[in-house]
Amino acid sequence: MTAPTPGTTGETPARKAKKPSVVLRMIVMLVLVALVLGAIFGFGAFRDVMIAKFIAKLKNPPQTVATMVAKQTPFQDTENATGSLVALQGAALSAQVAGIVDTIDFRSGQDVKKGQLMLTLRPNNDDEVLAQLEATAKLDGITYRRDLAQYQARAVSAQTVDTDRANLASAEAQVRSQKVLMREKKIYAPFSGRIGIRAVNVGEFLAAGTAIGTLEQLDPIAVDFYLPQTALRTIHPGMKVEVTVDGFPGIVFSGKVTALDSAVGTATRMIQIRAVLTNPHDELRPGMFARVSIDIGAPRTEITLPKTAIAYNPYGDTVFLVKHDKQSKTGKSAEQVFVTLGQTRGDQVAVLKGVKPGEEVVVAGQVKLKNGTPVAINNKILPQNLPNPSVPNE
């Protein structure tokens with residue numbers, strides 16, 4: 001072998017020919033790796049951008065709500081309560097003495113007049129006893145008058161006359177007592193009214209004090225109800241009341257306050273109030289459950305909204321207003337505001353602060369809203385907004 005000549009690297013021509021091809025392969029490999037990595041990272045970045053756009057679309061989708069325009073309506077403050085109807089006069093009729101029922105002179109549910117005979121107990125020998133007592137009294141009277149004449153002639157002593165006078169008085173008292181006993185065997189209506197269901201029958205033994213039926217005066221009729229002690233400064237006799245009962249839905253019975261109890265209940269701090277109603281057709285009956293409403297103060301105008309529009313929270317009551325928003329997809333968005341509420345009536349509640357006339361208020365669907373949520377309005381179905389709702393007859 002010949003030694004390499006000076007100035008050469010010792011590479012053969014074949015090795016020199018292979019060197020560019022290796023470099024080219026390395027360059028191609030690096031380019032391919034760069035393309036793969038670029039595709040991977042590019043797809044990841046594209047995916048993240050598309051996911052972000054999709055989430056951004058889902059972040060505030062429009063919510064469908066129902067709305068009403070706030071406006072002022074006539075409003076009257078009221079005191080509302082529940083109570084019971086009671087008869088101004090009512091009594092369970094009964095006899096003061098025992099006996100067997102001889103006659104019954106009334107029908108169940110009959111209207112009776114004051115002093116009308118209702119029932120008679122069997123008289124037995126009452127007439128004979130009365131005749132005997134009257135005869136004794138008559139004899140004592142004759143004896144007294146004869147001895148009095150003799151006393152004036154100085155034929156008998158004053159003691160004899162005094163004894164005769166006492167005997168006569170005793171006999172007359174026994175006669176009156178027997179007449180009273182006979183009257184007590186007849187029961188009369190103490191006042192005009194309607195008798196209830198008959199509770200006795202002819203021939204039945206009636207113990208003293210046993211009720212034969214309940215007599216109630218139906219017209220006028222009273223309603224007793226309770227209000228907090230704060231009502232003492234607003235409620236007084238003569239005020240008009242309106243009463244409704246479940247038995248006659250949609251009918252309002254009018255009356256007036258007649259009395260307030262003299263004391264407030266120590267357990268409830270409530271005061272009992274009585275009002276009297278006219279009842280010409282006898283629809284109202286004692287014992288009925290009643291709802292009572294009393295107007296207090298002067299009428300005024302207030303902004304009223306359905307109760308469904310209010311979100312009641314421990315930190316304050318709120319409503320959602322619909323505002324124009326150019327950045328919203330629907331051009332409208334929700335804005336939550338605090339409100340101060342007044343009295344309620346039926347389906348409505350008075351709004352004292354927080355809402356102005358003409359503002360559009362969300363009345364349904366606000367549970368899915370928050371500040372800035374786009375809203376789509378659909379008012380085909382609205383909640384009830386009646387000041388005096390009534391239950392329809394089925």
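This is a predicted model, so every value here is computed, not measured.

The next point concerns the pattern of salt bridges. In this structure the tally under the stated criterion is 10 salt bridges. A salt bridge links R194 to D111; its shortest N-O distance comes to 2.8 Å. With R194 in strand 9 (residues 193-195) and D111 in strand 6 (residues 111-112), this residue pair connects regions lying 83 residues apart in the sequence. Look at the salt bridges and you will find they share partners, linking D77, R300 and E302 into a network.

On to unusual backbone geometry, then. Residue P220 is bonded to the preceding D219 through a cis peptide linkage, with omega at 0 degrees. With phi around 55 degrees, N124 is a residue other than glycine that occupies positive phi space. Its relative accessible area of 59% is what places N124 among the exposed residues.

Our next topic: the sheet that holds strand 4 (residues 90-94). The strand order across the open sheet formed by 4 strands is 4-11-9-6, and the pairing between neighbours is antiparallel. The open sheet has two free edges, formed respectively by strand 4 and strand 6, since each of these has just one partner strand.

A few words on the environment of T214. Its place among the elements puts T214 in strand 11 (residues 211-216). Here T214 falls in the partly exposed class, since its relative accessible area comes to 35%. Once the C-alpha coordinates of T214 and A275 are considered, the two residues, 61 residues apart in sequence, prove to be 22 Å apart. If sequence neighbours within four positions are ignored, T214 has contacts with A91, A92, R194, I195 and G196.

Attention now goes to helix 2 (residues 126-152). Its 27 residues place the ends of helix 2 39 Å apart at the C-alpha level, agreeing with the 39 Å of an ideal helix rising 1.5 Å per residue. Every buried residue belonging to helix 2 is among D126, L130, L133, A137, D140, G141, T143, Y144 and D147, and all of these are buried. Close packing links the buried residues of helix 2 with helix 3 (158-184). R154 lies just past helix 2 and shows a positive phi near 65 degrees.

The next point concerns the nonpolar core. The nonpolar side chains of soluble globular proteins are, as a tendency, buried together. Residues V223, F225, V243, L277 and I294 are the most contacted members of the largest nonpolar core, which totals 23 residues. Listed by contribution, the elements that provide at least two residues to this core are strand 3 (78-87), strand 12 (221-228), strand 13 (240-245), strand 14 (253-260), strand 15 (270-277) and strand 16 (289-295). Once you skip the residues sitting within four places of it in the chain, V243 turns out to touch V223, I251, V252, F253, L277, A290, R291 and V292.

What follows deals with helix 3. Given 3.6 residues to a turn, an α-helix orients residues that are three or four positions apart in the same direction. Taking 1.5 Å per residue as the helical rise, helix 3 with its 27 residues ought to reach 39 Å, and the 39 Å between its terminal C-alpha atoms agrees with that figure. Three or more residues of helix 3 are buried, namely V161, D164, L168, A171, V175 and Q178. Elements in contact with the buried residues of helix 3: helix 2.

How each quantity is defined
Residues numbered from 1 in each chain as written. Predicted model: local features only at pLDDT ≥ 70, side-chain atom pairs only at ≥ 80, totals over all residues. Heavy atoms only, no water. Salt bridge = Lys/Arg side-chain N within 4 Å of Asp/Glu carboxyl O. Helix = DSSP H or I, 4+ residues; strand = E, 2+ residues; numbered from the N terminus. Buried < 20%, exposed > 50% of the residue type's maximum accessible area, 1.4 Å probe, protein only. Pairing = 2+ DSSP bridges. Contact = heavy atoms within 4.5 Å. Expected span 1.5 Å × (residues − 1). Core = buried A, V, L, I, M, F, W, Y, C linked by side-chain atoms within 4.5 Å.

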